[in-house]
Amino acid sequence: MKSAVETLNPTRVRLTVEVPFEELKDSLDAAYKKINQQVTVKGFRKGKIPARVIDQRFGRGAVLEEAVNDALPKFYTEAVNEAELNVLGQPEVDITELKDGDTLNFTAEVDIRPEIQIPDYSGIEVEVDAIEVTDEDIDKSVEQLRERFAATSPVERAAGDGDVVTVDLEAKVDDEVLEDGVASGVSYTIGSGELLDGIDDAVKGLEAGGEATFASELKGGSAAGREAQVTVKVTQVAARELPELDDEFAQLASEFDTLEELRADSRKRLANMKQYDQATQAQERVLEKLLELVEVPVPEKLLEDEINTRKHNLEHHQLGQMGLDLPKYLEIQGKTEEEFETETREAAVKGIKTQFVLDELVKQEKLNVNQEELTEHLMRRAASSGMSPDQFAQAVVEGGQVPLLVGEVARGKALAVVVESATVKDTNGEIVDLDDEDETEAEGTDAAEAAGDAAEAKADAADATDSADKADKADEGAEKTEG
């Protein structure tokens, strides 16, 4: 076999492959054997039909087609390895010449990873928010805890802001009661905004036994996005009683003996949260600066696939779970379709560039992923997916996605290396020391994963539908190769 490579652009090549006919012998033998098992010829036992009879009865062309379909992937792979190409996706194969007993010639166009030069990144400087915990922040935190320990008691008066009402609901669209539009005994805190738009005004002023009707756009269910006439009947009004802010409350709501100790713990927890947010902000901004330094060509086919995948996941998974379609989502977001298309493309481009750059850094810095790092990352991914670690690990293994998770961890470590070399200052001009290596690498993994959710790293082991989509794409690619 002989092969040559023609560079079409920085991210795409054309392979030209010439295969002497004798190298097709194994595939021809396999083709005859396969056809032997599929057909019946009178006078011959199944599987014992001579090759010349198969040629006469079914045509030599059928045998050649079967043999070529079997051989193409092998010769394509050999050509890729010989040229040391880092290919992306499936090739577009075209058989240019097939002479029985002489030669097989074909071309294969395929996207490749572009060659990237990573410049010196040690001079990167970014600014992040300063860590400041105010007394107001602590007051808000303690008040939220106080709200959780509020008691309710029924009252014989009209409902008002902050009261908890028990209501029965009935929703009609076009004067027809919806099958999923009836609910009884629903508990709702007036002013919380956790139910239907318009319900606050409807129930305020009503006593137990009172009812009202109001118009509201349904957020979910069979009539999501449509305006309904909702009848609400109040069956109970209860007042919320907040506990006194004293040492007794501290003992009730925490492991602390005094309110002062509880507030000190709140200050510490808020500072830790802001520190985590600050580290995440630093990683995101360092990544932005790094991408500005590197010229990264993006393969158009890979980009289109990534855009389509992002749209599919949004429309069929995220929005579907909320009972929304894309037009309604855009209306809620206040975006036009053109703005959505632009934002999706920009996010896809950034994701692909991030993956390419961080993967190059992994090679440049000779970073490896050990079992402990992979296990920790798997545990975090499992927690975010809502699956148990065992379930998530099983899905990863069955889906063949272990290399994807290894790549995510490696990219996180690469980003951590860049962050460590960067100068990070807060808005007060103080140097921020991100010296917790383990935590930085863990957060870096998450930041790299979020920013670089590109074509080869976009699979989510918990998403069975997405796995099926990938299988379909792989089948389509195989069909192209066979064709």
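Residues numbered from 1 in each chain as written. Predicted model: local features only at pLDDT ≥ 70, side-chain atom pairs only at ≥ 80, totals over all residues. Heavy atoms only, no water.

In the nomenclature of an unreviewed UniProt entry, the protein is known as Trigger factor of Streptomyces hintoniae. UniProt, in the comment section headed Sequence similarities (unreviewed entry), describes the protein in these words: "Belongs to the FKBP-type PPIase family. Tig subfamily." If you open the UniProt record of the protein and go to Catalytic activity (unreviewed entry), you find "[protein]-peptidylproline (omega=180) = [protein]-peptidylproline (omega=0)". (UniProt positions renumbered as here; feature names shortened; annotations may be inferred.)

*Asks:* Whenever I open this one, the nonpolar core confuses me. Can you help?
*Replies:* The biggest cluster of nonpolar side chains holds 33 residues, and the ones touching the most others in it are Ile 124, Leu 290 and Leu 361. Put simply, the parts of the chain that give this core at least two residues each are β5 (125-128), α7 (259-293), α8 (300-322), α10 (337-364) and α13 (402-421). Per-element tally for this core: the top contributor is α10, with seven residues. Sequence-distant contacts of Leu 361, that is, excluding residues within four places in its chain, are made with Ile 118, Tyr 121, Leu 290, Lys 366, Ala 414 and Val 418. Of all hydrophobic cores here, the second largest spans 32 residues; its members include Val 13, Ala 71, Leu 72 and Phe 75. (Core = buried A, V, L, I, M, F, W, Y, C linked by side-chain atoms within 4.5 Å. Buried < 20%, exposed > 50% of the residue type's maximum accessible area, 1.4 Å probe, protein only. Helix = DSSP H or I, 4+ residues; strand = E, 2+ residues; numbered from the N terminus. Contact = heavy atoms within 4.5 Å.)

*Asks:* Honestly, helix α11 (residues 371-385) in this entry has me stumped. Any pointers?
*Replies:* Helical geometry note: an α-helix holds 3.6 residues per turn, so side chains three or four residues apart project in the same direction. Taking 1.5 Å of rise per residue, the 15 residues of α11 would be expected to cover 21 Å, and the 21 Å separating its terminal C-alpha atoms lies within 8% of that figure. Burial in α11 covers these residues: Glu 373, Leu 374, His 377, Leu 378, Arg 381 and Ala 382. Put simply, Asn 370 is the residue that caps the front of α11, since its side-chain oxygen is 3.2 Å from the backbone nitrogen of Glu 372. Trailing α11 by a residue or two, Gly 386 shows a phi angle of about 85°, which is positive. (Expected span 1.5 Å × (residues − 1). Polar contact = N/O pair within 3.5 Å; in protein donor to acceptor, adjacent residues only side chain to side chain.)

*Asks:* Got a minute to help me understand the sheet that holds strand β1 (residues 2-9) in this structure?
*Replies:* Consider a sheet: its strands pair through backbone hydrogen bonds, and that pairing is either parallel or antiparallel. One open sheet accounts for four strands, arranged β1-β2-β4-β3; its pairing is antiparallel. One side of each edge strand has no neighbouring strand; the edge strands of this open sheet are β1 and β3 (87-99). Sheet twist, expressed as the average angle between the axes of neighbouring strands with direction ignored, equals 20°. When β3 meets strand β4 (residues 103-112), the two strands line up antiparallel, connected through nine bridges. Each residue of the ladder has a partner; that of Val 87, found in β4, is Ile 112. Packed onto the sheet, helix α3 (residues 60-83) meets β1, β2 (12-20), β3 and β4 and runs at close to 125° relative to β3. (Pairing = 2+ DSSP bridges. Axes fitted to C-alpha atoms, helices over the stretch in contact; angles between N-to-C directions.)

*Asks:* Honestly, the packing of aromatic side chains in this entry has me stumped. Any pointers?
*Replies:* Geometrically, a pair of aromatic rings is defined through the distance of the ring centres and the angle of the planes. If you walk through the whole model with that rule in mind, you get one aromatic pair. Look at Phe 149 and Phe 249: their rings are 6.3 Å apart centre to centre, the planes differ by 85°, and that puts the pair in the edge-to-face class. With a gap of 100 residues between them, Phe 149 in the loop between α4 (135-148) and β6 (151-154) and Phe 249 in helix α6 (residues 247-253) connect regions that are remote in the sequence. Its relative accessible area of 30% is what places Phe 149 among the partly exposed residues. Overall, the relative accessible area of 2% leaves Phe 249 in the buried class. (Phe/Tyr/Trp six-rings, centres within 6.5 Å; stacked < 30°, edge-to-face > 60°.)

*Asks:* Even after reading the chapter, I still don't get the packing of α8 against α10, so can you show me in this structure?
*Replies:* If you want to describe how two helices pack, look at the angle between their axes and the distance between the axes. One can describe the packing of α8 onto α10 by two numbers: an axis separation of 9 Å at closest approach and a directional angle of 120°. In terms of axis orientation, α8 runs oblique to α10. Relative to α10, α8 is oriented so that their crossing is right-handed. Between α8, through Glu 300, Leu 302, Leu 303, Glu 304, Glu 306, Ile 307, Arg 310, Lys 311 and Leu 314, and α10, the contact on the second element is made entirely by Phe 340, Glu 341, Thr 344, Arg 345, Ala 347, Ala 348, Val 349, Gly 351, Ile 352 and Phe 356. Across the contact of α8 with α10, the residue classes tally to 10 nonpolar, two polar and seven charged. (Parallel < 35°, antiparallel > 145°, perpendicular 65-115°, else oblique. Left-handed = near helix turned anticlockwise from the far one by under 90°. Nonpolar A, V, L, I, M, F, W, Y, C, P; charged D, E, K, R; others polar.)

*Asks:* When you look at a negative patch on the surface in this model, what are you seeing that I'm missing?
*Replies:* A surface patch of like charges, here negative, comprises Asp 247, Asp 257, Glu 260 and Glu 261. Relative to the helices and strands, Asp 257 resides in the loop between α6 and α7. (Patch = residues over 30% accessible without salt bridge, like charges linked within 9 Å, V, L, I, M, F, W, Y side chains within 5 Å. Areas by Shrake-Rupley, 256 points an atom, 1.4 Å probe, with all protein chains shown as cover. Salt bridge = Lys/Arg side-chain N within 4 Å of Asp/Glu carboxyl O. Lys, Arg positive; Asp, Glu negative; His and termini not counted. Charge placed at Lys NZ, Arg CZ, Asp CG, Glu CD.)

*Asks:* Quick question: what am I supposed to make of unusual backbone geometry here?
*Replies:* For residues other than glycine, phi is negative in most cases, and the peptide bonds are mostly trans. The backbone phi angle of Asp 175 is positive, close to 65°, even though this residue is not glycine. Tracing the chain through its elements places Asp 175 in the loop between β7 (164-173) and β8 (176-189). Residue Asp 175 is classed as exposed on the basis of its relative accessible area, which comes to 71%. Phi angles above zero are rare outside glycine, and Lys 366 is one such case at about 55°.

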